[in-house]
4 protein chains.
Amino acid sequence: MVKIVGLSGSLRPQAYSNLALQEAAVRLKALGAEMDILDIQTLNLPFCSGGGDYPDYPDVERLRQSFNEADGIVLVTPEYHGSISGVLKNALDLMSFEHLSGKVAGGISVLGGQSNNNALNDLRVILRWVHAWVIPEQIAIGQAWQAFNSEGKLIDEKLSERFDRFAESLVENTRKLRGIY
Amino acid sequence: MVKIVGLSGSLRPQAYSNLALQEAAVRLKALGAEMDILDIQTLNLPFCSGGGDYPDYPDVERLRQSFNEADGIVLVTPEYHGSISGVLKNALDLMSFEHLSGKVAGGISVLGGQSNNNALNDLRVILRWVHAWVIPEQIAIGQAWQAFNSEGKLIDEKLSERFDRFAESLVENTRKLRGIY
Amino acid sequence: MVKIVGLSGSLRPQAYSNLALQEAAVRLKALGAEMDILDIQTLNLPFCSGGGDYPDYPDVERLRQSFNEADGIVLVTPEYHGSISGVLKNALDLMSFEHLSGKVAGGISVLGGQSNNNALNDLRVILRWVHAWVIPEQIAIGQAWQAFNSEGKLIDEKLSERFDRFAESLVENTRKLRGIY
Amino acid sequence: MVKIVGLSGSLRPQAYSNLALQEAAVRLKALGAEMDILDIQTLNLPFCSGGGDYPDYPDVERLRQSFNEADGIVLVTPEYHGSISGVLKNALDLMSFEHLSGKVAGGISVLGGQSNNNALNDLRVILRWVHAWVIPEQIAIGQAWQAFNSEGKLIDEKLSERFDRFAESLVENTRKLRGIY
């Protein structure tokens with residue numbers, strides 16, 4: 001069974017990033033993946049100080065273990081200032097090669113303004129740096145306020161199809177690259 | 001008089017990033033700039049939640065005001081996972097166009113391994129996003145442990161010359177772009 | 001007087017990139033700049049072979065001289081495969097620091113599909129590499145076929161205002177950075 | 001059998017890029033891959049004009065067919081001005097999704113100066129754009145003049161090991177992603 005960890009890099013209440021992560025998770029589960037959704041809003045994570053151990057923050061271990069046990073990764077980031085959120089980058093900084101290398105990852109970004117790939121490009125290079133695979137399929141949700149309805153459901157049909165393909169690629173290729181059948 | 005704010009994005013004690021910021025600051029002061037060095041290790045900053053106000057964290061206001069009053073900016077980042085630190089990105093996320101737009105910035109990165117421009121490239125695009133100017137001169141300090149001596153002084157002569165040119169460019173061009181004489 | 005060289009990186013007949021360059025040129029002239037528009041469709045340029053001299057291609061010298069004499073640069077690129085065109089990159093490869101360093105540049109990209117900053121980000125880092133300045137203002141023209149009318153005039157008003165600001169920034173800041181009054 | 005096409009983006013006689021491609025090819029063949037090495041110095045390719053057909057240039061068809069038939073791709077680029085060569089980008093511009101999508105690619109860059117990832121990062125985003133996979137392993141050869149001996153053999157042992165791992169990853173993961181056993 002393919003295990004996939006999901007993490008959204010937004011602390012905003014009712015964040016569109018979290019909705020996007022849910023959209024991905026529903027599809028990934030339907031394709032047979034076991035999902036471990038981390039909620040960064042309830043995790044108590046410190047700022048990364050470069051060192052390895054954070055005895056006062058047991059959630060660092062929780063974060064690392066979830067990524068360690070996963071075959072695949074879904075990262076969702078709000079695009080802040082043309083890149084990924086500091087919150088998400090800091091969570092990645094708290095981990096190292098041993099938690100991320102060889103995993104198969106997919107990236108999703110959420111913007112208030114016009115769609116753009118800046119955050120996803122940076123995320124791709126960052127994940128490569130730790131020797132993760134990043135699937136070619138990626139999703140940039142521009143003007144997020146009109147992509148979802150008031151109940152938090154994705155109403156943009158083209159985006160919905162992109163989520164379908166994203167989830168299919170992530171599950172299928174995680175299987176292939178990790179040899180899970 | 002040119003006012004320059006300096007910020008290092010490392011929380012590691014005795015961080016090389018902080019030493020690099022000091023190297024820049026000494027030269028900038030010698031060229032007549034008024035320096036405001038923010039110490040991210042003592043500032044009490046929250047994770048950015050996307051909103052504007054952080055009444056429980058007066059240091060957010062301190063951060064914003066320092067950037068607001070500055071003509072120029074020096075940002076130093078450890079390169080973590082092939083990009084800027086989450087700590088630095090989060091500090092930038094806590095600010096917006098009004099604090100950063102039109103400022104003249106220079107970037108410095110510090111790596112344990114081989115020198116590389118990943119973090120500086122990302123930083124350049126991020127600063128452009130908020131309509132800051134980024135000077136062409138930039139410094140990537142690879143294998144930082146052999147660039148400084150045990151007293152924290154820069155001992156690599158080529159790097160020292162790069163710092164000289166970096167500081168000269170930042171002061172001279174901040175004057176030009178901001179019309180300060 | 002501010003001298004600005006303009007180059008579009010498209011060989012497509014009636015290229016939108018050329019129209020975009022015209023839009024910029026009209027505004028730059030109105031602001032008092034002397035424009036030197038190079039037409040890459042009539043220039044006879046070789047593929048860059050890494051060496052310095054191209055005696056069989058006098059247009060290489062023409063290209064280099066135009067950039068050499070310029071204070072400012074406007075580069076327009078079609079976005080091909082998420083980056084600048086090979087045609088434009090090759091023209092830049094034919095030049096070196098001496099032709100590009102210290103110049104003040106602005107970038108414009110043109111896409112058939114949705115607007116995106118990939119080509120402009122790459123262009124920014126490339127120009128930095130040769131120590132040119134790149135103004136914060138940049139223009140990504142998505143779905144170019146509906147931005148211009150059948151006579152090749154820009155009909156998108158928001159874009160038109162972006163061109164205004166782009167031209168103003170390029171002229172004003174070229175003056176400042178190059179000390180031209 | 002895994003088919004891999006190799007292309008170097010340098011027109012310089014005795015280019016280090018070509019030597020690097022040979023180093024990769026030897027290892028890929030030893031691992032059972034069928035190699036198709038394209039020699040860009042003898043291919044007669046036009047500048048891309050955005051259109052699809054180049055009846056006067058049969059080598060465009062040769063290029064496209066080689067990529068079309070390949071499962072995997074090795075691209076080597078000299079790093080010019082902090083990005084891939086215009087020559088290589090133009091060759092990629094001459095192809096489209098149908099020739100590149102779904103292939104598994106690896107990138108190698110060659111620099112005269114200090115090692116750097118700029119060209120490889122740009123190449124990664126470009127290949128993603130056309131929905132190719134890019135393996136996490138990549139090779140940046142800095143100060144290429146001391147990496148090879150006068151007979152064109154790689155003499156840097158660490159680099160040689162990187163080539164080993166690069167080739168192993170490319171063959172193994174092309175098999176996995178393309179289902180070739």
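Counting its secondary structure elements, chain A contains six helices and six strands. Each helix and strand of chain A, placed in order from N terminus to C terminus, yields the pattern β-α-β-α-β-α-α-β-α-β-β-α. Radius of gyration (C-alpha) of chain A: 15 Å, near the 16 Å computed for a compact globule of 181 residues. Each principal axis of the C-alpha distribution contributes one length, and for chain A these read about 45 × 40 × 25 Å. Buried positions account for 61% of the 181 residues belonging to chain A. Look at the contacts in chain A between residues 6 or more apart in sequence, and 76% of them connect residues 24 or more apart. Accessible surface for chain A amounts to roughly 7,000 Å². Of this, 46% is attributable to carbon and sulfur atoms.

Residues and elements named next belong to chain A. As enumerated under the stated definition, the model contains eight aromatic pairs over all chains in all. For the ring pair tyrosine 16 and phenylalanine 148, a centre distance of 5.7 Å and an interplane angle of 20° mean the geometry is stacked. Taken as a pair, tyrosine 16 in helix α1 (residues 16-30) and phenylalanine 148 in the loop between β6 (139-141) and α6 (157-178) lie far apart in primary sequence, 132 residues in all. Under the relative-accessibility criterion, tyrosine 16 is labelled partly exposed at 32%. Note on phenylalanine 148: relative accessible area 4%, which makes it buried.

Superposing chain D onto chain C takes a rotation of 180° combined with a translation of 0.0 Å along the rotation axis, leaving an RMSD of 0.0 Å. On this basis, the relationship between the two copies can be described by a two-fold rotation axis. Identified as the residue of chain D closest to the rotation axis by C-alpha distance is glycine 86 of chain D, at 2.2 Å. In this assembly the copies share their binding face: 100% of the residues contributing to the interface of chain D also contribute to that of chain C.

The next subject is the interface of chain A and chain B. Listed by partner, the interface residues are 30 residues for chain A and 30 residues for chain B. Buried area between chain A and chain B, both sides added, is near 2,500 Å², and the carbon and sulfur share of it is 62%. Run the count over chain A and chain B and you get zero salt bridges. Where chain A meets chain B, there are 12 residue pairs in polar contact (both at pLDDT 80 or more).

A few words now on the pairing of strand β3 (residues 72-78) of chain A. Residues and elements named next belong to chain A. β3 sits mainly inside the fold: seven of its seven residues count as buried. Taking every second residue as pointing to the same face, both faces of β3 are buried, with Gly72, Val74, Val76 and Pro78 on one and Ile73, Leu75 and Thr77 on the other. Pairing of strand β1 (residues 3-8) with β3 involves five bridges; the strand directions are parallel. Residue pairing across strands places leucine 7 opposite leucine 75, the latter belonging to β3. Sheet analysis places β3 next to strand β4 (residues 104-110), joined by seven bridges and oriented parallel. Directly across from isoleucine 73, in β4, lies its bridge partner alanine 105.

Attention now moves to the nonpolar core. Ranked by internal contacts, the top residues of the largest apolar core, which has 66 residues, are Phe67 of chain A together with Phe67 of chain B. When neighbours within four sequence positions are excluded, phenylalanine 67 of chain B is seen to be in contact with Val5, Leu7, Leu38, Ile73, Leu75, Met95, His99, Leu100 and Lys103 of chain B.

Contacts between chain D and chain C engage 30 residues on the former and 30 residues on the latter. Between chain D and chain C the total buried area reaches about 2,500 Å² when both faces are included, carbon and sulfur atoms providing 62% of it. Taken together, the links from chain D to chain C amount to zero salt bridges. Seen at the junction of chain D and chain C, the total is 12 residue pairs in polar contact (both at pLDDT 80 or more). Counting residues per element, the ones that place at least two in the side of chain D that touches chain C are α3 (86-93) and α5 (118-129) of chain D.

A few words now on the confidence of the model for chain A. Do not read the fine detail of predicted coordinates wherever pLDDT is low. Per-residue confidence for chain A gives a mean pLDDT of 97, with 100% of residues at or over 70. Overall fold confidence for the complex sits at a pTM of 0.97, while the interface term, ipTM, reaches 0.97.

So, how was this worked out
Residues numbered from 1 in each chain as written. Chains lettered and ligands numbered in written order. Predicted model: local features only at pLDDT ≥ 70, side-chain atom pairs only at ≥ 80, totals over all residues. Heavy atoms only, no water. Helix = DSSP H or I, 4+ residues; strand = E, 2+ residues; numbered from the N terminus. Rg over C-alpha atoms; globule rule 2.2 N^0.38 Å. Buried < 20%, exposed > 50% of the residue type's maximum accessible area, 1.4 Å probe, protein only. Contact = heavy atoms within 4.5 Å. Areas by Shrake-Rupley, 256 points an atom, 1.4 Å probe, with all protein chains shown as cover. Phe/Tyr/Trp six-rings, centres within 6.5 Å; stacked < 30°, edge-to-face > 60°. Least-squares fit on C-alpha atoms with pLDDT ≥ 70 in both. Buried area = accessible area lost by both parts, 1.4 Å probe. Salt bridge = Lys/Arg side-chain N within 4 Å of Asp/Glu carboxyl O. Polar contact = N/O pair within 3.5 Å; in protein donor to acceptor, adjacent residues only side chain to side chain. Pairing = 2+ DSSP bridges. Core = buried A, V, L, I, M, F, W, Y, C linked by side-chain atoms within 4.5 Å. pLDDT = per-residue confidence, 0-100.

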